[in-house]
Amino acid sequence: MKQEEKKQIFVTRASLPPYEEYAGLIKELWDTHILTNMGHLHEELREKLRGYLQVSGLELFTNGHLALEMVLQAFELSGEVITTPFTFASTTHAIVRNGLTPVMCDIREEDCTLDPDRIEELITERTCAIVPVHVYGMICDHERIEAIAKKHGLKVIYDAAHAFGETEKGRSVASFGDASMFSFHATKAFNTIEGGCVCWNAERPELSWLGDRLYKLKNFGITGKESVEYVGGNAKLNEFCAAMGLCNLRHVDEWIAERKDGYERYMEDLSCVKGLRLIPHPADIRFNYAYMPVIFEGGRAVRDRVYEGLCSEGIFPRKYFFPCVNDFECYRDEPYMRATPVAKRMSESVLTLPLYPELSGEDIDRICGLLKKLM
Ligand SMILES: *Cc1c(COP(=O)(O)O)cnc(C)c1O
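Residues numbered from 1 in each chain as written. Predicted model: local features only at pLDDT ≥ 70, side-chain atom pairs only at ≥ 80, totals over all residues. Heavy atoms only, no water.

A. Representation of the packing of helix H4 (residues 64-74) against helix H7 (residues 210-217) within the structure. Between H4 and H7, the least distance of the axes is 10 Å, while the angle of their chain directions is 125°. Taken together, the axes of H4 and H7 lie oblique to each other. The two elements H4 and H7 cross, and the hand of that crossing is right-handed. Facing Met 70, Val 71, Gln 73 and Ala 74 of H4, the residues of H7 in contact are Leu 210, Arg 213, Leu 214 and Leu 217. (Axes fitted to C-alpha atoms, helices over the stretch in contact; angles between N-to-C directions. Helix = DSSP H or I, 4+ residues; strand = E, 2+ residues; numbered from the N terminus. Parallel < 35°, antiparallel > 145°, perpendicular 65-115°, else oblique. Left-handed = near helix turned anticlockwise from the far one by under 90°. Contact = heavy atoms within 4.5 Å.)

B. View of the pattern of salt bridges. All chains considered together, the criterion is met by 31 salt bridges. The partner of Arg 204 in a salt bridge is Asp 178, with the nearest N and O atoms 3.2 Å apart. Here the residue Arg 204 occupies a position in the loop between strand E10 (196-200) and H7, and Asp 178 occupies one in the loop between strand E8 (171-172) and strand E9 (179-183), the gap between them amounting to 26 residues. Several salt bridges share partner residues, and in doing so they unite Arg 300, Arg 303, Asp 304, Lys 319 and Glu 348 into one network. (Salt bridge = Lys/Arg side-chain N within 4 Å of Asp/Glu carboxyl O.)

C. Focus on the packing of aromatic side chains. Applying the stated criterion across every chain yields a total of 15 aromatic pairs. On the numbers, 5.3 Å between centres and 10° between planes, the contact of Tyr 52 with Phe 164 is stacked. Residue Tyr 52 is found in helix H3 (residues 40-52), and its partner Phe 164 is found in the loop between strand E6 (155-159) and strand E7 (167-168); the two are separated by 112 residues along the sequence. As far as burial versus exposure is concerned, Tyr 52 and Phe 164 are alike and both buried. (Phe/Tyr/Trp six-rings, centres within 6.5 Å; stacked < 30°, edge-to-face > 60°. Buried < 20%, exposed > 50% of the residue type's maximum accessible area, 1.4 Å probe, protein only.)

Below is the structure:
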């Protein structure tokens with residue numbers, strides 16, 4: 001096949017509502033001229049998301065990263081934070097940019113989430129919080145993590161960027177721990193172009209202050225016309241992004257169902273391939289099927305050969321997450337960085353295959369066929 005005839009398939013493709021639907025919603029902005037600063041589309045999205053995510057506390061942000069930075073700031077933490085190196089740069093950066101020290105805890109081989117058996121050995125008198133990640137939408141062992149946190153008086157703040165809309169035994173992930181961050185970036189299961197939120201259980205009296213604090217932090221710490229009480233930033237979700245979120249929320253269930261079909265097709269084709277390991281989804285969890293990770297037991301050499309081979313066919317999976325955060329240039333020489341052998345091995349063995357609502361069954365079959373040939 002000639003290069004120009006080759007269709008390119010990327011790891012994901014941003015979901016969009018019908019153009020007319022979006023145009024209809026933003027039309028009023030030409031009348032009101034209210035483009036940002038918590039306008040009524042922002043408020044409407046906040047209410048709808050509280051319903052969708054079944055959570056009482058929810059504050060919107062301009063992106064997931066600043067949501068995480070600001071929720072860490074809101075809790076006025078200081079010292080060490082136990083977290084995972086098997087994640088996107090954002091998780092660790094949010095910790096470090098708050099003046100906190102990240103302490104890398106290894107992950108579990110079976111689902112790549114934080115290993116609860118390795119947390120306690122890392123706790124010191126300086127530890128203030130745990131920041132786990134529901135990586136690939138795999139829900140962490142939140143019960144054990146929160147029991148450890150309770151015993152040692154630590155906060156638990158989840159990076160739930162991958163877990164939009166998920167539930168475990170019917171309970172929303174958004175209600176776990178002290179707070180959770182979700183990302184609404186264009187590449188995520190639900191998007192507002194750029195966007196994100198912090199969720200928490202507002203019925204807990206000890207968190208009654210959190211919503212107000214987050215609202216002020218994202219608006220420069222301004223608390224009144226002539227008063228600024230916090231060193232805040234600017235992380236407001238604008239009306240155009242809120243409108244995109246309102247439209248996309250109408251379609252997200254249908255998109256998740258389409259992702260599920262794709263996921264199941266991959267699982268069927270790849271589940272018995274020698275040397276390939278898939279991460280099974282526990283039955284009591286409702287997933288969003290945002291990612292399709294596969295693990296090559298042959299390690300880096302096989303993974304990289306399959307990656308290069310697929311790329312040369314116009315198929316672009318991603319090495320999510322490679323390298324591990326503790327191998328980043330900005331962290332690897334820091335005295336607080338620790339080796340995490342399981343995370344390292346997983347990051348050298350994993351490939352995330354294309355998966356998005358419109359990806360056709362034929363394309364999935366072709367990707368699976370090529371992958372098996374390249375192994
Ligand atoms: C996407 C992502 C973020 C950051 O979210 P943005 O909305 O892109 O700022 C943080 N953590 C993880 C694990 C992510 O995948």
